[in-house]
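Chain by chain, the residues run as shown.
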Amino acid sequence: MPRLVMKFGGTSVADLERITNAAKKVKQEAEQGFEVIVIVSAMSGKTNELVGWVDQTSTFYDAREYDAVVSSGENITAGLMALTLQEMGVMARSWQGWQVPLKTTSAHGAARIEEIPTHNLDEKFGEGMQVAVVAGFQGIGADGRITTLGRGGSDTTAVAFAAAFEAERCDIYTDVDGIYTTDPRIVAEASKLSKISYEEMLELASLGAKVLQTRSVELAMRYHVTLRVLSSFEDDISMAAGTLVCDEEEIMENNVVNGVAYSRDEAKMTLVSVADRPGIAAAIFGPLSEAGINVDMIVQNISEEGRTDMTFSCPTDQVARAEKALNGAKDSGEINFHGLVSDKYVSKVSVVGIGMRSHVGVAKQMFEALSREGVNIKVITTSEIKISVLVDRKYMELAVRALHDEFELEHAA
Ligand code: ASP
Ligand code: MG
């Protein structure tokens, strides 16, 4: 029998009524002849509450106990979903991570999936079970204790099950009806895409479009799991609904640009006049990496008389730590610079599209559109399928709108 993975996020199982609503969709798919694996999140807000309780109890908590507490939200929804399905006449059974077992590393709080043996569930499907409801976000570590996969980890659980059980598809039910060309709160004309490639989705996910956990998209790409993002609040679950995230080859006609992403709270830091010698980049970015700074863009300026300026960007809330690390390296003589200038009020705006690989001129078009609006570009970086710029934060929304217009994304599909 063909298999289907259906994942319901926190807002889709927020109360008993919504669980019933989700269960109806599961029943529909089971009646289509699928063996269904349902992955559930905790009810919305629940995981935050549990994390809060741990924090209040213990400042430097034992991560094994953090996992014991924080994984419990999913156990509740898994049991309730199985009961709801049973009430509807569907043969359903709940499974916690350790029962499957979903085997992970012992990195508590941020465990990685190592293996999902299929025989336990297979056996139950063989005995007539129609639906396995699995608690997302959790597994069992090599140390024999409950682990969690990091916030948003149920998406990754879902994709991993789809890969292990060779499911036809992995449907991610959430509170939006698909992936949009940009944030509809900024651009009312943003349009829903019917398909998007894994590569583009990864760029959009890591750039701040928070629909899917980045790891889950990486995993889907590696195992060629077809993902679909769709709303649990709408009745249509036919293939016309939602957005498919799939291999590039499955998309017939690529738009040159498929999305405009942004990240609001970025900072730009410049080391003024550092000695330009071999090893200088390592000397600067070594201490930053040890301090846990997520450096994003890096630009080294033209060097004059053996000295140069080095600019990089990082999240605004890491600026103080970055300054401390760099000044510390200066004091200890590892690096030598004349000044450190931090601009904490910039944002990153990016255009993304696999069509860029075969089209020239996208950068020029982007820069012209920004210039027409009088938006000054502070830093530029490019990759094969993405062009990103840093702009003053007060122009971020203007830049997003201008680019959405310029690439006519209101007509994208
Ligand atoms: N409940 C977990 C969280 O809130 C996992 C998830 O929902 O994906 O992060
Ligand atoms: Mg989520």
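Throughout what follows, the structure given in this document is the object of discussion.

**So, the overall build of the protein chain**
And step 1. Helix and strand counts for the protein chain stand at 12 helices and 18 strands.
And step 2. Against the 2.2 N^0.38 benchmark of 22 Å for 413 residues, the protein chain shows a C-alpha radius of gyration of 24 Å, consistent with a compact globule.
And step 3. Once the C-alpha set of the protein chain is aligned to its principal axes, its extents read approximately 80 × 50 × 30 Å.
And step 4. The buried share of the protein chain, reckoned over its 413 residues, is 50%.
And step 5. A separation of at least 24 residues holds for 76% of the contacts in the protein chain among residues at least 6 apart in sequence.
And step 6. Only carbon and sulfur atoms are counted for the fraction: they give 48% of the accessible area of the protein chain, which is about 18,700 Å².
And step 7. Taking the average location of the 39 positive side-chain charges in the protein chain and that of its 60 negative ones, the two points are 4 Å from each other.

**As for the pairing of strand E16 (residues 337–352)**
And step 1. For strand E13 (residues 259–275) and E16, the ladder comprises 12 bridges, and the chain directions are antiparallel. Paired with Lys268 across the two strands is Asp343, which belongs to E16.

**Observations regarding the environment of Thr381**
And step 1. In this fold, Thr381 is placed in strand E17 (residues 379–383).
And step 2. Accessibility expressed as a relative area gives 23% for Thr381, which makes it partly exposed.
And step 3. In the structure, Thr381 is positioned 84 residues away from Met297 in sequence and 6.7 Å away in space, judged by C-alpha atoms.
And step 4. Among residues more than four places away in sequence, those in contact with Thr381 are Met297, Lys386, Ile387 and Ser388.

**Here's the deal with the side chain of Thr156**
And step 1. Tracing the sequence through the fold places Thr156 in helix H6 (residues 154–164).
And step 2. Looking at Thr156, its side chain comes within polar contact range of the main-chain nitrogen of Ser216, at 3.4 Å.
And step 3. Thr156 has contacts with Ile113, Gln213, Arg215, Ser216 and Leu219, leaving out every residue within four places of it along the chain.

**Here we look at the site of ligand 1**
And step 1. Every residue near ligand 1 is listed here: Ser41, Ala42, Thr47, Glu74, Phe137, Arg151, Gly152, Gly153 and Ser154.
And step 2. In the model, an oxygen atom of ligand 1 is placed 3.0 Å from a nitrogen or oxygen of the Ser154 main chain.
And step 3. Here ligand 1 has 270 Å² of accessible area as a free molecule, and 85% of this is covered by the chains.
And step 4. In the shell around ligand 1, the residues fall into 2 nonpolar, 5 polar and 2 charged.

**Some points on unusual backbone geometry**
And step 1. Look at the link from Val100 to Pro101: it is a cis peptide, with omega at -10 degrees.
And step 2. As for its placement among the helices and strands, Pro101 is situated in the loop between strand E3 (92–95) and strand E4 (103–104).
And step 3. One non-glycine residue with positive phi stands out, namely Phe137, at about 75 degrees.
And step 4. On the secondary structure map, Phe137 appears in the loop between strand E6 (131–135) and strand E7 (138–140).
And step 5. Even without a glycine there, the phi angle at Glu305 is positive, about 45 degrees.
And step 6. Counting through the fold element by element, Glu305 comes out in the loop between strand E14 (298–300) and strand E15 (307–315).

**Comments concerning the pattern of salt bridges**
And step 1. According to the stated counting rule, one finds 22 salt bridges in the structure shown.
And step 2. Here Asp171 and Arg169 are joined by a salt bridge, their closest N and O atoms 2.8 Å apart. Note on accessibility: Asp171 and Arg169 belong to one class, buried.
And step 3. Lys348 serves as the salt-bridge partner of Asp296, at 2.5 Å between the closest nitrogen and oxygen. Remark: Lys348 occurs in strand E16 and Asp296 occurs in the loop between helix H9 (280–290) and E14; sequence separation between them is 52 residues.
And step 4. The partly exposed category is assigned to Asp296, whose relative accessible area is 35%.

Here is what the cut-offs are and how they apply
- Residues numbered from 1 in each chain as written.
- Chains lettered and ligands numbered in written order.
- Predicted model: local features only at pLDDT ≥ 70, side-chain atom pairs only at ≥ 80, totals over all residues.
- Heavy atoms only, no water.
- Helix = DSSP H or I, 4+ residues; strand = E, 2+ residues; numbered from the N terminus.
- Rg over C-alpha atoms; globule rule 2.2 N^0.38 Å.
- Buried < 20%, exposed > 50% of the residue type's maximum accessible area, 1.4 Å probe, protein only.
- Contact = heavy atoms within 4.5 Å.
- Areas by Shrake-Rupley, 256 points an atom, 1.4 Å probe, with all protein chains shown as cover.
- Lys, Arg positive; Asp, Glu negative; His and termini not counted.
- Charge placed at Lys NZ, Arg CZ, Asp CG, Glu CD.
- Pairing = 2+ DSSP bridges.
- Polar contact = N/O pair within 3.5 Å; in protein donor to acceptor, adjacent residues only side chain to side chain.
- Near = heavy atom within 4 Å.
- Nonpolar A, V, L, I, M, F, W, Y, C, P; charged D, E, K, R; others polar.
- Salt bridge = Lys/Arg side-chain N within 4 Å of Asp/Glu carboxyl O.

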